[in-house]
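Listed below are the residues making up each chain.
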Amino acid sequence: MIRHTMTTVLLLSLAYPLSAAEPAPAPKEVRAAVTKALPLIQKGAAGHREQRTCFACHHQATPILALTTARSRGFPFDAEDVQKHLRFIAKFLDNNREGYLKGRGQGGQVDMAGYALWTLEMGGWKPDKTTAAVTEYLLQRNADRDHWRVVSNRPPSEVSLFTTNYVAIRSLQNFGTDEQKKRIDERLGVVRGWLEKTTAKDTEDRVFRLWALKRIGGDAKDVRAAAETLIKDQRDDGGWAQKDDMKSDAYATGTVLTALHEAGGLATSDAVYQRGVKYLLATQKDDGSWHVRSRSKPFQTYFESGFPHGKDQFISLAASGWATTALALSLPPVQRQASISPR
């Protein structure tokens, strides 16, 4: 997870203090919501792994984000199940190792490769020849541009240039080799200039622009301005919407809260964050999930992964992963690793 600076934390906390008129949800209520969500998230993720051979950010990246964040807050953690996902992802990437070394990606291009490496990072995967091949691909891809280009049109998670550039930046920083370091530094310097001058158009853009600016070492004023823009976008119901003309939903709210805390330095005790927590608690379904309607045109064969909401299940699983992550972050971290739950 990203470490924010104490300066940013202090500035945002002073600017948006917790109001006494808005009591925060009880930790036991938040813990109950996370406890209810985790088994269904794990089931949906396993359903993808058992029926597909490709990596999927909605069925693996966001579930593993939720699972590993919950572990840091003391929730039971099935380490072997997560290891199965990591081995699955590593095998998927390794099947195209030679292509990566030649600058050729796979379906989804930078989004797929970047999200896959981010997921391996969250699970504690160590750099190897395959991850080095993927970072080589990222260095070669769009080398003639000042940013990485998005090739998908699957809103909200695979349509934003800022998402694409964030996952590429994070992947290079975490898995780049010593031999690649000089080229990585040069590439990130160019991309930083693009980030600073390019305007975000919707919530996905604003979330990942904030995250990318923080990650790449952007000016503190730019990081703060990006965080303040997101804070101002909070709706009266406490949530955030994917686009200005849409209603609040768990996907947008979960991504915003997570980014504001980890990249913007917003304390989870802040009124802004706590209103978001209240929104997520109020909109969670009885089965532990959050339902978000899909805006993407399907191009893959439909299958049931074990997660509810039918043809909305891909975005709903991603939304549930982000929502669970945001809720878990509002709980105090534990000092020792949580025990492994029975399979």
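Model, not experiment: these values are computed from the prediction. (Residues numbered from 1 in each chain as written. Predicted model: local features only at pLDDT ≥ 70, side-chain atom pairs only at ≥ 80, totals over all residues. Heavy atoms only, no water.)

We now examine helix H10 (residues 203-216). Look at H10: 20 Å from first C-alpha to last across 14 residues, which is about the 20 Å you get at 1.5 Å a residue. Here H10 lies mainly inside the structure; 14 of its 14 residues are buried. Two or three places before glutamate 204, at the opening of H10, aspartate 202 has a side-chain oxygen 3.4 Å from that residue's backbone nitrogen. A positive phi of about 85° marks glycine 217, the residue just after H10. (Helix = DSSP H or I, 4+ residues; strand = E, 2+ residues; numbered from the N terminus. Expected span 1.5 Å × (residues − 1). Buried < 20%, exposed > 50% of the residue type's maximum accessible area, 1.4 Å probe, protein only. Polar contact = N/O pair within 3.5 Å; in protein donor to acceptor, adjacent residues only side chain to side chain.)

With respect to the secondary-structure elements, threonine 325 resides in helix H14 (residues 313-329). With relative accessibility at 0%, the residue threonine 325 sits in the buried group. Within the local environment of threonine 325, its side chain forms a polar contact with the backbone nitrogen of alanine 66, the two atoms lying 3.5 Å apart. Residues within four places of threonine 325 in sequence aside, it is in contact with Leu65, Ala66, Thr69 and Thr258. (Contact = heavy atoms within 4.5 Å.)

Right, let's get into the pattern of salt bridges. With the rule as written, the count across this model stands at 14 salt bridges. Here arginine 97 and aspartate 94 are joined by a salt bridge, their closest N and O atoms 2.8 Å apart. Of the charged contacts, one joins lysine 197 and aspartate 146 as a salt bridge, the two residues approaching to 3.4 Å between their closest N and O atoms. Of the two residues, lysine 197 sits in helix H9 (residues 181-197) while aspartate 146 sits in the loop between helix H7 (129-140) and helix H8 (161-175), which places them 51 residues apart along the sequence. Residue class for aspartate 146 comes out partly exposed when judged on its relative accessible area of 24%. One network of salt bridges, in which partners are shared, links Arg206, Asp233 and Asp244. (Salt bridge = Lys/Arg side-chain N within 4 Å of Asp/Glu carboxyl O.)

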